[in-house]
2 protein chains.
Amino acid sequence: MRFNKVLQNIKTYEAGKPIELVVREFGIAAEDVVKLASNENPIGTNPAIAKVIRSNADIAHLYPDDSMFELKEALSLKFGVEDENIIIGAGSDQVLEFISRAVLDADSSVLMSAVTFAMYEIYAKQMGAKIIRTASYEHKYDEFMEAYHMHRPKIIYICTPNNPTGDATSKEEVLKIINAVDNDTLVVVDGAYMEYAAAKDAKYAITPNDLLGYENAIYLGTFSKAHGLGGMRVGYGVAQDALIKELYKMRPPFNITTLSLFAAIEACKDNRFVEESIALHQDQIKRYEAFADEQGFKYIESYTNFITYLFDENMDSTKIADELLKRGVIIRNLASYGMNAIRITIGTAKQNDVFFKHFSEVTA
Amino acid sequence: MRFNKVLQNIKTYEAGKPIELVVREFGIAAEDVVKLASNENPIGTNPAIAKVIRSNADIAHLYPDDSMFELKEALSLKFGVEDENIIIGAGSDQVLEFISRAVLDADSSVLMSAVTFAMYEIYAKQMGAKIIRTASYEHKYDEFMEAYHMHRPKIIYICTPNNPTGDATSKEEVLKIINAVDNDTLVVVDGAYMEYAAAKDAKYAITPNDLLGYENAIYLGTFSKAHGLGGMRVGYGVAQDALIKELYKMRPPFNITTLSLFAAIEACKDNRFVEESIALHQDQIKRYEAFADEQGFKYIESYTNFITYLFDENMDSTKIADELLKRGVIIRNLASYGMNAIRITIGTAKQNDVFFKHFSEVTA
């Protein structure tokens, strides 16, 4: 068998370690494992949504309404846009995939910050496109413009707030970048963690509507984080209808499950859960900042539901992550991103206690 | 914005009409709608699986175990293969997508029967590949060989039993085709409805293991049909590990939901539900055959959970489908496949009563 040559350059993405693996490998009971690795909502599943899932479990044999009429209605109401501006994906991940496939080829390049969401690169490589990165993990206008003029990328990715670093780019800066590029470059504004940034400081708040005036911009959002539905795989893209129509050509039918559809519809009705999630987060993240100060290392100010600890040469992120794992604490080592750093999802008070205890022991 | 030129040739796939649409458009109460259009399991969801879904609804915020360790274990046990021979997709659909993307490019062609599963063409067109079809909807060795030697396709699709026609290709014929092509042509054996064919006549039974000796063959299966999990979107591909490894490069992380993973694991444990589904089906399909004989039109002998009624010039499938729809009976019109025919999922006795009643009225 001969395969597409693009496959030669693709490494399989390694997801955060699941609880099941720690149970299997280290013989730790599932209830003793603390997973702060995948930016899942520490409160758990919204009880109102869990109820909807339970009451629809008996129709798991039926395909979902592939028009996603009701979910699109709910989202268009939420964002003040039309149904035609919306495409639903199995996570915003899948919308990234649609974009990559609709726009890129082996002659094109994509531009992103030095450290950002791993899937931008993977989906671009699947199309054989060239990856260009700026020098900083922050999205700096000057760095983006220099690279833009040099490479004329087909896509610019702006992950704000940024994953896995936690910093954010202001609405003003994002619009400045969009205004500075021509219509042949699509600007993808990935707002997977936007709810946290918007709640922290209004100048970072970007809504789909802010981008709808541009034919070459798309906003991505997800139900996986603040809405607490990571396991259900539902995200969305919002853009002008001409762009959405093209992306639809790459969408497989029934791309989210029947239960995911009901869950997301319910999530649109209930903003209280999101507010509670953010309140818990804002309370608990202070402990992580104080802990870092106390222990004498740096962190990146976070606009997300996680925090990134930066280590100097006296500390080794891989060693720390491995030792924590053996103790049943799963966090994300950023060594594969070229950083001596770890990313920790802000958990519940109790989970965070466990993290602080083990981290102190491991680094003692 | 400029898009990939392959998009110019892609029409968006139109899924079977959902119950919600009939409710919205014709004001019929959901409980009065009979949907026999998407080959969903008429028994409903396996109660044991519905229970598993309900008891895991509270962990919808957690991403699934992306290694899918437990599901692969269950499947490898079921089929007598190794974990490394298996890839899981969001329906076998998604495995078709991985295959298409790993193997095809704009210079390649794919070969399939005259009337077969619509997604083969769509995924191939997304890669810019050329579509070659044999003259018959049945998979005839001579027709496939003639086209194979003329076009040297990168992929040959064998849908057995075939959707949307319902006929099957014997194991002997399938192996004859695989043995006749060289290693640069991948033969995809799509067994989405295999449970029904295998139960009807052993000579049509093909298992993943039958193909594992070939480096250029892959077996696809799904939990959507006999297992009754269409809404959960889980399917699989089984092939030699070298091929699976390449397909993995096109797999996005977390490509099935957390609840889908638990549901599929449970499905592997419980074959009684599948047996019951087949028993109901074998009982009820006789009624459809007798009805056609009685009414004086033809049908294709079915090895699947649906039946295809073939009409002559005195009957119009589009008109019949439209009239049935207005009465709340959803079936699949095959006009878009170039056939004056309808495909009806074999329902429960009660659903089938409703179909016969309305069909008789509509065609009176």
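### Examining the interface of chain A and chain B
- Contacts between the two partners involve 72 residues from chain A, matched on the other side by 72 residues from chain B.
- Summed over both sides, the interface of chain A with chain B buries roughly 6,600 Å², with 56% coming from carbon and sulfur.
- When residues of chain A are sorted by the area they lose upon contact with chain B, M1, H61 and Y63 of chain A head the list and together hold 12% of the total.
- Applying the counting criterion to the chain A and chain B interface returns eight salt bridges.
- Across the pair R24 of chain B and D65 of chain A runs a salt bridge whose closest N-O atoms are separated by 3.5 Å.
- Our count for the contact surface shared by chain A and chain B stands at 37 residue pairs in polar contact (both at pLDDT 80 or more).
- Those elements that provide at least two residues to the side of chain A that touches chain B are α1 (19-26), α2 (47-56), α4 (92-103), α5 (118-126), α10 (241-248) and α11 (258-269) of chain A.
- For the side of chain A that touches chain B, the element with the highest residue contribution is α4 of chain A, accounting for five residues.

### Quick notes on the domain arrangement of chain A
Residues and elements named next belong to chain A.
- You can read the domains of chain A as domain 1 (5-45 + 272-362) and domain 2 (58-267).
- If you look at the interface, domain 1 gives 27 residues, while domain 2 gives 31 residues.
- The three residues of domain 1 that bury the most area against domain 2 are Y13, Y303 and Y337, which together make up 26% of that side's buried surface.
- Taken together, domain 1 and domain 2 are joined by one salt bridge.

### Concerning the side chain of T345 of chain A
Residues and elements named next belong to chain A.
- Note on placement: T345 falls in strand β13 (residues 341-345).
- T345 gets classed as buried once you look at its relative accessible area, which sits at 2%.
- Side-chain polar atoms of T345 contact the side chain of N39, separated by 2.8 Å.
- In this structure T345 touches L36, A37, S38, N39, E40, Y288, N305, F306 and N352, once residues within four positions along its chain are discounted.

### Remarks on the packing of aromatic side chains
- Applying the stated criterion to the full structure yields 40 aromatic pairs over all chains.
- Here the aromatic cluster, defined as three or more aromatic residues joined through ring pairs, consists of Y288, F291, F297, Y309, F311, F355, F356 and F359 of chain A.
- We note R24 of chain A situated over the ring of F69 of chain B; from NZ or CZ to the ring centre the distance is 3.8 Å.
- Over the face of the ring belonging to Y141 of chain B we find K176 of chain B, whose NZ or CZ atom lies 4.3 Å from the ring centre.

### With respect to the relation of the copies chain A and chain B
- By a simple turn and slide, chain A fits onto chain B: the slide is 0.0 Å along the axis, the RMSD is 0.0 Å, and the turn is 180°. The transformation relating the two chain copies, once decomposed into turn and shift, fits a two-fold axis. Minimal C-alpha separation from the rotation axis in chain A is found for R54 of chain A, amounting to 2.3 Å.
- Looking at the interface residues of chain A, 100% of them are also at the interface in chain B, so both copies use one shared face.

Calculation criteria
Residues numbered from 1 in each chain as written. Chains lettered and ligands numbered in written order. Predicted model: local features only at pLDDT ≥ 70, side-chain atom pairs only at ≥ 80, totals over all residues. Heavy atoms only, no water. Contact = heavy atoms within 4.5 Å. Buried area = accessible area lost by both parts, 1.4 Å probe. Salt bridge = Lys/Arg side-chain N within 4 Å of Asp/Glu carboxyl O. Polar contact = N/O pair within 3.5 Å; in protein donor to acceptor, adjacent residues only side chain to side chain. Helix = DSSP H or I, 4+ residues; strand = E, 2+ residues; numbered from the N terminus. Domains from an automatic or database assignment. Buried < 20%, exposed > 50% of the residue type's maximum accessible area, 1.4 Å probe, protein only. Phe/Tyr/Trp six-rings, centres within 6.5 Å; stacked < 30°, edge-to-face > 60°. Lys NZ or Arg CZ within 6 Å of the ring centre and 35° of its normal. Least-squares fit on C-alpha atoms with pLDDT ≥ 70 in both.

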